[in-house]
Every structure is written in C-alpha cells, then in structure tokens.
Amino acid sequence: MDEQRGPRTGPPEPWRAGGPPRWWRHGPPGWSRRAAERDEDLESARRARWPWPSTVLLTAFVVIGSGFADHAQAGERAALDPWGRALLFVSGALLLWRWRHPVAVLGGTVAAVLVYLGAGYPYGPVFLTVAVACFTAVVSGRRYAAWAAMGTLWAGHLLLVHLLYRWLPPAGDDAASWTEEIVVATWVVALLAVSELARVRREQWARERAERARAERRRADEERLRIARELHDVLAHSISVINVQAGVGLALLDSDPEQARTALTTIKAQSKEALGEVRQVLDTLRAPGAAPRAPAPGLDRLPDLVEQAAGAGLTVTVEGEPPRLSPGADLAAFRIVQEALTNVVRHSGSREACVRVERRDGRLRLLIDDDGPATGADAGGTGNGLAGMRERAAALGGTIEAGTRPDGGFRVLAVLPIEAEEDR
C-alpha cells in the first residue's frame, strides 16, 4: 500500500503556486491571497492623492477668517498686511503635502504660526492649520514628532508673550495673562489627545481588517482542502472499481460475454454515481452557501460500499451497528471506510476485508482489516488517501492509525468523537 507508506500532503500541484488558476470562476469568495494586499494598495493610493479640495477650503477659511479677526482686533494687534496674509497662505498651502510628508508639514506650519504671532498679527483661525497638521502626523504614526512640535509651539508662544513682547510689535503691548497660557496648553493637550484617540482607533480598524483577511484566507484554504478530499475520495473509490471491472470485462469479453456484460453494467452504475457526487461537490463552488441538493453520505450507506466492493471482487464483512452521528462525523466516517476499502482493492492481494464498528467511551472506533499481502499494484491513485483520512479525523478531534499487522495484513484504525444526537 504505497500511498499509505509515503503519502503526499498538500494541495494539487496546479494550486500550490498561490491560489487556484485564473479560469476558476465559481469558487467561494476569498480564494486570492492577494486580496488584503490589494486593499492596502488602494488605501495607500487614496492617501497618495493630493488633498486639493480640503487644502483650498482650509486655506480660504484661515485667510478670510483672519481678515475678520483683523477688523475685530484693530488697535490691539498689528494690522494684517500682505506679509501677514502670505504667512497665512503658506501655513495653509503646506497642508497639501500633509499625507506625504507629515512631519515636515507640521514643522512648517508651527514655524509659520510662530512667525505670524511674533509679528504681532491678530489672533484668529491660524491655529487651525497646526491642528490639521498635528492630527495628520499622529494618525500617520509620527506621534513623537507631533508631541515635540506641539511642545515647541506652546514654548514659543510662551516665550513671545512673556519675554520677547517688549521688542516685538505692536508697540506698548503687555504680557499675556497666565490664564491665557493655561487655555493654550489645554488646547494643545486636547488636540494631541484627540489625535491619539484617532490613531488608536485607526490601528484597531487595521488589525480587525487584517484579521478578517486572514480568517477569509483560512476559510478559503479549509474549503479548498475539503473539496480536494471529497473529489479524491469519490474519484479514487469509483475509478478503482471501474478499473477492476474493466479488467474483468476485457478478460471475459470472448470467453464469457454474459459475465463481461455484468462487469460493464457495474462500470456504468459506478460511473453514474461518481458523476452525481462530483456534480454535487462542484455545485457548492458555483453557488457558495447554497444547500446541497442531496444528503451527504454516511455510515447508513455501508451496504452500498459492501456491494460496490463485491463488484470489484472484494468480500467485505461488517461487524457492529453504526451509532447516530452528527452529519460531519457521519460523512468523515463514511469517507474513511470508503478510502480504506479502496486501498484494499487497489493495493492488497487479499480479496477479503473486515469493517468493525464500535462505540467505546463516547467515541466511534472504525477498524478496517485485510489479510494482505501488499501487491504494489497501482490503479491511478494520487497518494493522498491517508493524508485525507487524517485531515478528516483531525478536523473532528479524532485520530487515524494505519500500518501492517504482525500477521502480514494491514489495519486502519479511526477514532472519532461522537457528537450529540440532536446535531444530526
């Protein structure tokens, strides 16, 4: 039984390069492993675009708003001249690069605002440009640079209004009150706090999006492996029976035409059943989430397996009564027995096999024995039979043991948990 001694594991060769072929149009969503990368590329492209609309609106608001502030603070602060308007325009226009160079933009806006305040121009919405630049820097992950820039802004403002005001316009200006400094400090801390909160939320959304992408890839991988197991088990069993019957038919075509007709009838019935099961598997690909039109096979179809094995020249004895199982466990048990009998037909010199069904300690035990010896014959198997059985058992929390017996035969022992009958 070469496939049991040296199984190949993993997806079929055409799919190993990174997903199903491009012509595969009806698979469940999430086949492509590059879906998350494409989402990240789209997000990067969105950020890379120049934020013209928001920059124009902010700059216009700052320039026009500062004009109103100039009228309201006439006589208290220096008049807003073209140099002052140029500083306002520069501080707003720098925001056009805020996503590409967040730290440089934040430093530039802080410098422009400090020069503006040092020139004695009126207070107004000029701080809005610093707020937007700070928010962008923190959200972009440059949080330490943002904290340093905002600290510089507050320290510079403190220096201007409490020390350098004597030599700066407007003439005769007095030092600002400490209450005003507390307000400025509170505004700086609040701005940084809001920016940090936005950064944390953004990182959380990014983690959730990445986790959803990983979960989607896991579901796609599990579905791909499930379909591969189903197709392998259905085709391997049916083609093995067809192979044996075809050999019988060819051998008896001239000497015993009636027996050859019986072999051909078995081939026709077995191929029809295989086509039906393959079509059922493929239907789940064409309509993801749709309910299957036929019930999944279970241990209640053991007599059918016995009959099919008899058609291939194998006498199978069944001992024990199958318990009630959940649909998943029932299908896994059926496929394990089917694959084990297929291996006997394909690789064993024995024409007799025994299937023993036991319920012990809340677990189902399946023993499939044949007397051997191994023939080394190959009926077109893929070598994934034992791997598929182990995957089915492991998915349910069970185990598979397979190996030669001391008397020269071969045994497959499957232990599966028995779930609640209500789940059936």
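Residues numbered from 1 in each chain as written. Predicted model: local features only at pLDDT ≥ 70, side-chain atom pairs only at ≥ 80, totals over all residues. Heavy atoms only, no water.

The criterion, for reference: UniProt positions are given in the numbering used here, feature names are shortened, and annotations may be inferred rather than shown by experiment.
The protein has the name histidine kinase in an unreviewed UniProt entry, where Streptomyces lusitanus is given as its organism. Taken from UniProt, the Catalytic activity (unreviewed entry) comment for the protein reads in full: "ATP + protein L-histidine = ADP + protein N-phospho-L-histidine."

**Section: the overall build of the protein**
The following threshold applies: Helical segments are the DSSP runs of H or I of at least four residues, strand segments are the runs of E of at least two, and each set is numbered from the N terminus. Partly exposed residues are those whose accessible area sits between 20% and 50% of the maximum for their type, while under 20% is buried and over 50% is exposed, using a 1.4 Å probe and protein chains only. Whether two residues are in contact is decided by their heavy atoms: any pair within 4.5 Å suffices. Accessible surface is estimated by sampling points in the Shrake-Rupley manner with a 1.4 Å probe; for residues, cover comes only from the protein chains shown.
On a plain count of helices and strands, the protein comes out with 12 helices and five strands. Every one of the 424 residues in the protein was classed for burial, and the buried ones make up 41%. Relative to all contacts within the protein whose residues are 6 or more apart in sequence, the contacts with residues 24 or more apart total 73%. Of the roughly 22800 Å² of accessible surface on the protein, 60% is carried by carbon and sulfur atoms.

**Thoughts on the UniProt feature "transmembrane region" (unreviewed entry) in the protein**
Under the present numbering, the feature "transmembrane region" (unreviewed entry) in UniProt falls on residues 50-70, 120-139, 146-167 and 182-200. Structurally, residues 120-139 is divided into 65% helix and 0% strand, and its ends, taken at the C-alpha atoms, are 32 Å apart. Taken end to end, residues 146-167 comprises 77% helix and 0% strand; its first and last C-alpha atoms sit 30 Å apart.

**Some remarks on the nonpolar core**
The condition is simple: Among the buried residues, those of types Ala, Val, Leu, Ile, Met, Phe, Trp, Tyr and Cys that are joined through side-chain atoms within 4.5 Å form a nonpolar core.
By size, the foremost hydrophobic cluster in this structure holds 33 residues, and its most contacted members are Leu-314, Val-337, Leu-341, Leu-364, Leu-366 and Ile-368. Secondary structure elements with two or more residues in this core: helix 10 (302-311), helix 11 (327-347), strand 2 (352-360), strand 3 (363-370), helix 12 (385-395) and strand 5 (410-417). Ranked by residue count, the leading element in this core is helix 11, at nine residues. Counting 32 residues, the second largest nonpolar core, distinct from the first, contains Leu-58, Leu-80, Tyr-121 and Val-130.

**Quick word on the sheet that holds strand 5**
Counted only if it meets this: A pair of strands is labelled paired if DSSP reports no fewer than 2 bridges between them. Think of each axis as a best-fit line through the C-alpha atoms, taken over the contacting stretch in the case of a helix, with angles from 0 to 180 degrees between the N-to-C directions.
The sheet built from five strands is open, its strands ordered 1-2-3-5-4 with mixed pairing. Looking at the sheet topology across the chains shown, the edges are occupied by strand 1 (315-319) and strand 4 (399-404). Neighbour-to-neighbour, the strand axes of the sheet open up by a mean angle of 10°, direction not taken into account. Bridge count between strand 3 and strand 5: eight bridges; the pairing is antiparallel. Following the sheet pairing, Arg-365 is matched in strand 5 by Val-415. Where helix 12 meets the sheet, it contacts strand 4 and strand 5, and its direction lies at approximately 150° from that of strand 4.

**Concerning the pattern of salt bridges**
As a reminder, the rule being used: Criterion for a salt bridge: a side-chain nitrogen of Lys or Arg within 4 Å of a carboxyl oxygen of Asp or Glu.
If you walk through the whole model with that rule in mind, you get 13 salt bridges. Linking Arg-143 and Glu-196 is a salt bridge whose minimum nitrogen-to-oxygen distance equals 3.2 Å. Taken together, the positions of Arg-143 in helix 7 (residues 143-162) and Glu-196 in helix 8 (residues 178-252) put the pair 53 residues apart, joining distant regions of the chain. Classification of Arg-143 as partly exposed rests on a relative accessible area of 26%. A salt bridge links Glu-211 to Arg-214; the nearest nitrogen and oxygen atoms lie 2.8 Å apart. Of this pair, Glu-211 and Arg-214 both sit in helix 8, three residues apart, roughly one helical turn. The class of Glu-211 is partly exposed, set by a relative accessible area of 34%. For Arg-214, a relative accessible area of 37% translates into the label partly exposed. Several salt bridges share partner residues, and in doing so they unite Asp-369, Asp-371, Arg-405, Asp-407 and Arg-411 into one network.

**Quick notes on helix 6 (residues 127-139)**
Here is the rule we go by: To estimate how far a helix should extend, the number of its residues minus one is multiplied by 1.5 Å.
If you check helix 6, its first and last C-alpha atoms are 18 Å apart, about what 13 residues at 1.5 Å a residue would give, namely 18 Å. For helix 6, the tally of buried residues reaches 11 of 13 residues, placing the bulk of the element in the interior. Along helix 6, the residues that are buried comprise Phe-127, Thr-129, Val-130, Ala-131, Val-132, Ala-133, Cys-134, Thr-136, Ala-137, Val-138 and Val-139. Backbone geometry just downstream of helix 6 places Gly-141 in the positive-phi region, at approximately 95°.

**Some details on the environment of Ala-185**
With respect to the helices and strands, Ala-185 occurs in helix 8. Residues Ala-185 and Trp-154, spaced 31 residues apart in sequence, show a C-alpha to C-alpha distance of 6.7 Å.

**A few points about the pairing of strand 1**
Applicable threshold: Orient the strands so they point away from the viewer, and a crossover whose first-strand-to-second-strand path over the helix runs clockwise is right-handed.
Pairing between strand 1 and strand 2: five bridges, direction parallel. Each bridged residue has a counterpart across the sheet, and for Val-318 the counterpart in strand 2 is Val-355. With helix 11 bridging strand 1 and the parallel strand 2, this β-α-β connection has left-handed handedness.

**Brief notes about the pairing of strand 2**
In this sheet, strand 3 lies alongside strand 2 in antiparallel orientation, the contact comprising eight bridges. Residue pairing in the sheet places Cys-354 in a bridge with Asp-369 of strand 3. Between strand 2 and strand 3, which follow one another and run antiparallel, lie two residues, and Asp-361 among them has a positive phi close to 55°.

**Observations concerning the environment of Ile-267**
Structurally, Ile-267 can be placed in helix 9 (residues 257-286). It is 9.0 Å that separates the C-alpha atoms of Ile-267 and Ile-239, two residues lying 28 residues apart in sequence.

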